[in-house]
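A structural walkthrough
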Amino acid sequence: MKVTISVIKADVGSVGGHTKPTQKMMDSVKKMVTAAIKKKLIIDGKVTHTGDDICLIMSHTKGSDNPKIHQFAWDCFIKATGFADECGCYGAGQDLLVDAPSGNVRGAGPGVAELTFTFDRKDPRPAESFMVFAADKCGPGAYNLPLLLAFADPMYCAGLMLPKMIKGFRFEIIDMNNTKGGDHIITLNAPDDMYEIAMLLRDGERFGIRNIYSRTYDEPAAALSTDRLHSIAGKYTGKDDPVALIRTQGIFPAPEEIVSPFAKVPYVGGDARGSHNMPLMPVPINTAVTGLYCLPIVSCLGFSLQRNGRFSDYEVDFFDNPAWDLVRLKAQEKALEIRSQGWYGNAMLPYEELEYSGFKTTMNKLLKKFKVKKRK
Ligand code: 13P
Ligand code: MG
Ligand code: MG
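Quick notes on the rules
Residues numbered from 1 in each chain as written. Chains lettered and ligands numbered in written order. Predicted model: local features only at pLDDT ≥ 70, side-chain atom pairs only at ≥ 80, totals over all residues. Heavy atoms only, no water. Helix = DSSP H or I, 4+ residues; strand = E, 2+ residues; numbered from the N terminus. Rg over C-alpha atoms; globule rule 2.2 N^0.38 Å. Buried < 20%, exposed > 50% of the residue type's maximum accessible area, 1.4 Å probe, protein only. Contact = heavy atoms within 4.5 Å. Areas by Shrake-Rupley, 256 points an atom, 1.4 Å probe, with all protein chains shown as cover. Donors = N, O, S within 2.8 Å, 3.2 Å for Na, K, Ca; no water. Near = heavy atom within 4 Å. Polar contact = N/O pair within 3.5 Å; in protein donor to acceptor, adjacent residues only side chain to side chain. Nonpolar A, V, L, I, M, F, W, Y, C, P; charged D, E, K, R; others polar. Tetrahedral: all angles 85-135°; square planar, octahedral: opposite > 155°, others 65-115°. Pairing = 2+ DSSP bridges. Arc of directions from axis to C-beta.

Here the focus is the overall build of the protein chain. Along the backbone of the protein chain there are nine helices and 15 strands. Against the globule reference of 21 Å for 376 residues, the protein chain gives a C-alpha radius of gyration of 21 Å, in line with a compact fold. If one aligns the C-alpha atoms of the protein chain with their principal axes, the spans along those axes are about 80 × 50 × 45 Å. The proportion of buried residues among the 376 residues of the protein chain is 54%. Taking as baseline every contact in the protein chain between residues at least 6 positions apart, the subset at least 24 positions apart corresponds to 70%. Accessible surface, the protein chain as shown: approximately 17,400 Å² in total, 54% of it carbon and sulfur.

We now examine the coordination of the magnesium ion (ligand 2). Protein-derived coordination of the magnesium ion (ligand 2) comes from Asp11 (OD), His18 (ND1) and Asp52 (OD), at a distance range of 2.0 to 2.5 Å. Every donor residue of the magnesium ion (ligand 2) comes from the same chain, spaced as D-x6-H-x33-D. Separating the magnesium ion (ligand 2) from the magnesium ion (ligand 3) is a distance of 4.3 Å, and Asp52 supplies a donor atom to each of them. With His18 in the loop between β1 (2–10) and α1 (23–38) and Asp52 in the loop between β2 (44–50) and β3 (53–60), the pair connects residues that are 34 residues apart, well separated along the chain. On the basis of relative accessibility, which here comes to 29%, the residue His18 falls in the partly exposed class.

Right, let's get into the site of ligand 1. Lining the immediate surroundings of ligand 1 are 15 residues, of which His18, Lys137, Tyr236, Lys239 and Arg273 lie closest. Measuring from an oxygen atom of ligand 1, one finds a side-chain N or O atom of Asp11 at 2.8 Å. Contact between ligand 1 and Tyr236: an oxygen atom at 2.5 Å from a side-chain N or O atom of the residue. Here ligand 1 loses 94% of its free accessible area of 310 Å² to cover by the protein chains. Of the residues belonging to the shell around ligand 1, the class tally is three nonpolar, four polar and eight charged.

Around the magnesium ion (ligand 3), the protein contributes the donor atoms Asp52 (OD), Asp53 (OD), Asp53 (OD), Asp136 (OD) and Asp241 (OD), at 2.1 to 2.8 Å from the metal centre. Relative to the metal, the six donor atoms surrounding the magnesium ion (ligand 3) lie at angles of 47 to 171°, and the coordination shape comes out irregular. Mapped onto the polypeptide sequence, the residues donating to the magnesium ion (ligand 3) form the spacing pattern D-D-x82-D-x104-D. Taking the relative accessible area as the measure of exposure, Asp53 reaches 2% and is therefore buried.

This part covers the pairing of strand β6 (residues 169–175). Counting buried residues along β6, six of its seven residues qualify, which places the element largely inside the surrounding structure. Sheet topology places β6 next to strand β7 (residues 185–190); six bridges connect them, and they run antiparallel. Note on β7: the bridge partner recorded for Arg170 is Asn189. Note that β6 and strand β8 (residues 207–214) share seven bridges and pair antiparallel. If you follow Arg170 over to β8, its bridge partner there is Tyr213.

The next subject is helix α4 (residues 194–201). Inspection of α4 places Ile197, Leu200 and Leu201 among the buried residues, and these make up the whole buried set. Around the axis of α4, the buried residues are gathered within 90° of arc, so they sit on the same side. Facing away from the buried surface of α4 by more than 90 degrees, the exposed residues are Tyr195 and Met199. Elements that come into contact with the buried residues of α4 comprise α3 (144–152), β6, β7 and β8.

With that settled, consider the environment of Gly13. Inspection of the secondary structure assignment puts Gly13 in the loop between β1 and α1. Residues Gly13 and Met1, twelve residues apart in the sequence, show an inter-C-alpha distance of 37 Å. When neighbours within four sequence positions are excluded, Gly13 is seen to be in contact with Lys20, Pro21, Met25, Asp52, Ala84, Cys89, Tyr90, Gly91, Ala92 and Gly93.

As structure tokens, this is what we get:
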């Protein structure tokens, strides 16, 4: 059968600032997911939060971009918004940027990552395992470096030297600044086009990985959410906070090869007011954002699929392990280091990125006050 995994997330309000959703909000979405399983709309579903973003992880047979699944996710977020509003939460309904989506929440605010694949437990996929990453307080480019290293650099993924992966992976990269007429996508192959890929992915504010495919098996390996909220809203309404869905093992990198590059804790755009550069810290699932200057966080759950398409009884929380404590410390050291220069230089994002925020108003007022002094 063809199975689809849909990961849909949104920030619809949080308690005490941009920290986490309330228990009531989470419970309301969980209740709706249980009912959707009962009604057979979805096969299975799991509700998590990473910082203030609620994430729905669902398996079903309706395919990617299915209106019923997208509407269901939207209804869940609307319900949670009601509870956020009721208890005076910050940013109730923040990421729901249109009144009602037209059958697809892509471009309406929520972040979407979906993969559809044949699930028959036969070669080359006798078992299906996948990971779901969710990041808060950062832009979609947050995964550019770690996923390029995991899928294209044998220094991080020795598995690339194995026959099943030696031909490499195909990357679909999106120009997130360019939304005219649809999605602007370039397809490049690793390792052949490695330098061209690096040329684009170095700029995570503009270019992001949207999909990755196995070149040997032509199988989808990864899907990422790449919508920029400010492009939809025309102004700053919160950070994009991307999700990534990645199939693992066998013909794809193993989980350890995928999580290892996250030990780099790269500086990513986002953080306080979505306007700074700070390191991306791996954290357990359902962690609130309470760190220094909205230190960006990333969570990672691992799943297996049962024969009926349900998730295995237990998922694994990759970053909820003492093995990541030192990495978390490194992230905080890097955070303290860059915060020591406050607003100066690359501690903040370049002006073009602040263009959608209130900083632009302050800047424009100042620019008007400049006077030309003729040179003698
Ligand atoms: P969120 O998008 O997670 O709400 O964060 C926005 C922000 O500006 C934090 O300071
Ligand atoms: Mg928020
Ligand atoms: Mg958020």
